[in-house]
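Now for the letters of each chain:
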Amino acid sequence: MNKNESQIPSSAWVLPFSERRRLPRLPLESPAIVVPIRPNLRPDWKNRREAHCLDLSATGLGLACKSNDLAGPIVVGVEGSRVKGYTGLELRYREHLPGEIRFGGAIGGVGEAILNGDHLSLCYRYGPNKLDLVFSQSVLDAWAEVGVLQQTGVDLVQLCPRCLGLPTFRPGCRNCGSARFTNDQLIHHFACAFVGPVQDFEHHGELRCPKCRTRGLIVGRDFEYVVGPYRCLDCHWHDMQLEQVGQCLQCRLRFPVGQAFLKEIPTYHVDRLDPLVVCQAS
Amino acid sequence: MLIDWTHWLSVRHPDELLAFLWALILIDSTRYALSKTVMCLTDMAGDFYRWIRGERRQVEFTHCPTVCLIVAGYNEAENIRFTLESVWGSYPKLEIIVVDDGSQDGFFSQALQFAQSHPGVLVLRMPERSGKSPALNLALRYSRAEIIVAMDADSQLSENAIWEIVQPFADENIGVVAGSLSVRNAFTNLVTWLQAYEYLHSIFVGRLLSARLGILGIASGAFSAFRRTALEQTVGWDVGPGEDLDLTLRIRKAGYEIAYAPYAECQTNVPTTWRALIKQRFRWERSGIVRHHFRKHLDFADWSSANFRFGDFTVWFDVFFFNFLCMIGIVVFFVRFFLIDKPVDWWELLLTLYLCYLLFELIQVLAACIYSNYLRRDAAICAIFVFAPIYQIFLLWIRFIATIQEALFRKSFEDNFAPARVRESTWHW
Ligand SMILES: [Zn+2]
Ligand SMILES: [Zn+2]
Ligand SMILES: [Zn+2]
């Protein structure tokens, strides 16, 4: 989530497109910077253009520039008295006037995808079953380098050591990783020191010690219950404690949590240009 | 004083001396000093014979069954790591089960920590302190090995101890193998030194002799090994104290033999104060002869029983005669000597007795040194032997009082070795 969005509940980014369309278009005088996006999604910083805003709506932006040979998606940064931030723009029209070129477009496209707050931190991707950034870290770093994004922190994820897929974690057998285990309920008969499972004591509806054959045992006076160790139903391993076991959802590998591949994933922040704020303020 | 004594001795007729010393020479020395001498000489002759034939005596371990080592302890958080480190990896087919008998000092977490980094270690826990026997029985349930080795959590095993203790099991008739105990804190003070000498004398060599004579009747709880089938037949340990003695006798009753592995050495810390020593010995003695040989296992001496075996009877008789009758005899002797006879030459007589005893003690010291693997250490321990007779008398009085207490009041069933709920519930043999 983008910080600005979360601070302003009536943000444009939460409204459906049809509602955003109904909001008025406003004239706006603010300097802007236009950054073209390269095919490899990195910013084409060398070819950036100074521009200024003409008008703004919740769905689009109009700009004016001295020269414009732009084509394809761009990212526009605006900084004025009432408005500040970056947005992605898909060019829709271009108008040559004496001394300047006017152009405009709809908020969206690749630039919007890159700046989307959901894409700037850890994100689960269904297809490849990965916990990772949507865009590669190098792309986001390139945007951070030119100042559009800021790196704000690092997330740590535990991944499958074999395929780097996403695992689930649960308690399981230390030997084979199985989640099928039980506990033995044992009885300690005080008089003869015998310790055995409850079912060995059950005899015609009463408790009888299989070692010394004392009958009618009463809990507390004659015996106490003892919880035995966990017993794995798959490999017959015994242990008082279970291990946290990871199981990869992709390649099915079972591994102790200590063997998980630890991956550091940075998170980013962007100041978003929020047209709704401008629209409502006017 | 010594001149006085030599003078006194020179005017004595040998018959007079013999009349005073006959019991020591005929009974005590035959059972202990002379038989050890015979054993030593036989072994040395055997060694000499092999040496002449050019055969080298080499240590070779040929029997390698699966082993489960059970370490039961209560509030031993300090020691458990060292104990486990001394055994882990010392034998190829070894599983280790640590049982925490409801400790309150982090014993369980220490053991768990060790288990997490060392595969093959299972840590179990009793919910409350229950005594050693149920803890061992709990572990027995989760062990799978052919041979079960039980040891204390405050002890450490010497190199190859597990290899040594499993070798006798190659013989199918062996149900229990007793390990040897040595004192780790031997030179802390006089108390521990005397105990170290006692262990060397009565456990290291004493049990070697008993085992040769086929009358070994105890495998110490601190370190002994059991055949799994024998333990299953006797359904594990009974309520202690004295559970080690009891189990050994029950396994004997089940038809198995007891062996001794003198070089399977377990090092243990002994009490460092007289007070603690007296307390420990009262516990041992109360749960010894009267409770087990005279009450619970009196059937060893029952000639009319269908299960009667002469071998078992000799085990029982050895304890009855040398630990009980001789004790009574010595007590009677002292009472008569000091209270009734009151001879004028009392100190000369006692000195003669003492020196005579010392002579036999010296023979046993030599035996210990001949069999010792650590000659330098054991020779140093033996240097205390001049005090041994006095120490033996001290222990004898403890045994005498403890035996009377047990015979009259069943004191061993008040011992905090087992918690109250267990003591109150069990049969007071
Ligand atoms: Zn398992
Ligand atoms: Zn019972
Ligand atoms: Zn995987």
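For clarity, every value in this text was computed on a predicted model and none was experimentally measured.

Caption draft 1: The arrangement of the overall build of chain B in detail. Each helix and strand in chain B was counted, giving 16 helices and eight strands. Computed over the C-alpha atoms, the radius of gyration of chain B is 23 Å, within 12% of the 22 Å expected from 2.2 N^0.38 for a compact globule of 429 residues. Referenced to the eigenvectors of the C-alpha coordinate spread, the extents of chain B come out at roughly 75 × 60 × 50 Å. Here chain B, with 429 residues, has 55% of them falling under the buried criterion. In chain B, the share of contacts with a sequence separation of at least 24, taken over all contacts with a separation of at least 6, comes to 81%. On chain B, roughly 19,700 Å² of surface is accessible, and the fraction owed to carbon and sulfur atoms is 61%. Separation of charge centres in chain B, based on 40 positive and 45 negative side chains, amounts to 3 Å.

Caption draft 2: Region of interest: the sheet that holds strand β11 (residues 167-172) of chain A. Residues and elements named next belong to chain A. Taken in spatial order, the three strands line up as β11-β18-β19 in an open sheet, and their pairing is antiparallel. Each edge of the open sheet carries a strand with a single partner, namely β11 and β19 (254-256). Neighbour-to-neighbour, the strand axes of this sheet turn through a mean angle of 35°, independent of strand direction.

Caption draft 3: How the structure looks around the packing of helix α12 (residues 310-341) of chain B against helix α15 (residues 388-409) of chain B. All names here are of chain B. Look at α12 against α15: their axes get within 10 Å of each other, and the N-to-C directions meet at 110°. Classified by the angle their axes make, α12 and α15 are roughly perpendicular. Contacts between α12 and α15 pair Asn323, Phe324, Met327, Ile328, Ile330, Val331 and Phe334 from the former with Ile393, Leu396, Trp397, Arg399, Phe400 and Thr403 from the latter. Classifying every residue of the contact of α12 with α15 gives ten nonpolar, two polar and one charged.

Caption draft 4: Inspection of a nonpolar patch on the surface at higher detail. Residues and elements named next belong to chain B. Together, Val335, Phe338, Leu339, Ile340, Trp346, Trp397 and Ile401 line one region of the surface with nonpolar side chains, adding up to about 680 Å² of accessible area. For the nonpolar patch, the secondary-structure elements that each account for two or more residues are α12 and α15. Take the nonpolar patch: its biggest share by element is four residues, from α12. With a relative accessible area of 32%, Trp397 lands in the partly exposed category.

Basis of the calculations
- Residues numbered from 1 in each chain as written.
- Chains lettered and ligands numbered in written order.
- Predicted model: local features only at pLDDT ≥ 70, side-chain atom pairs only at ≥ 80, totals over all residues.
- Heavy atoms only, no water.
- Helix = DSSP H or I, 4+ residues; strand = E, 2+ residues; numbered from the N terminus.
- Rg over C-alpha atoms; globule rule 2.2 N^0.38 Å.
- Buried < 20%, exposed > 50% of the residue type's maximum accessible area, 1.4 Å probe, protein only.
- Contact = heavy atoms within 4.5 Å.
- Areas by Shrake-Rupley, 256 points an atom, 1.4 Å probe, with all protein chains shown as cover.
- Lys, Arg positive; Asp, Glu negative; His and termini not counted.
- Charge placed at Lys NZ, Arg CZ, Asp CG, Glu CD.
- Pairing = 2+ DSSP bridges.
- Axes fitted to C-alpha atoms, helices over the stretch in contact; angles between N-to-C directions.
- Parallel < 35°, antiparallel > 145°, perpendicular 65-115°, else oblique.
- Nonpolar A, V, L, I, M, F, W, Y, C, P; charged D, E, K, R; others polar.
- Patch = residues over 30% accessible without salt bridge, like charges linked within 9 Å, V, L, I, M, F, W, Y side chains within 5 Å.
- Salt bridge = Lys/Arg side-chain N within 4 Å of Asp/Glu carboxyl O.

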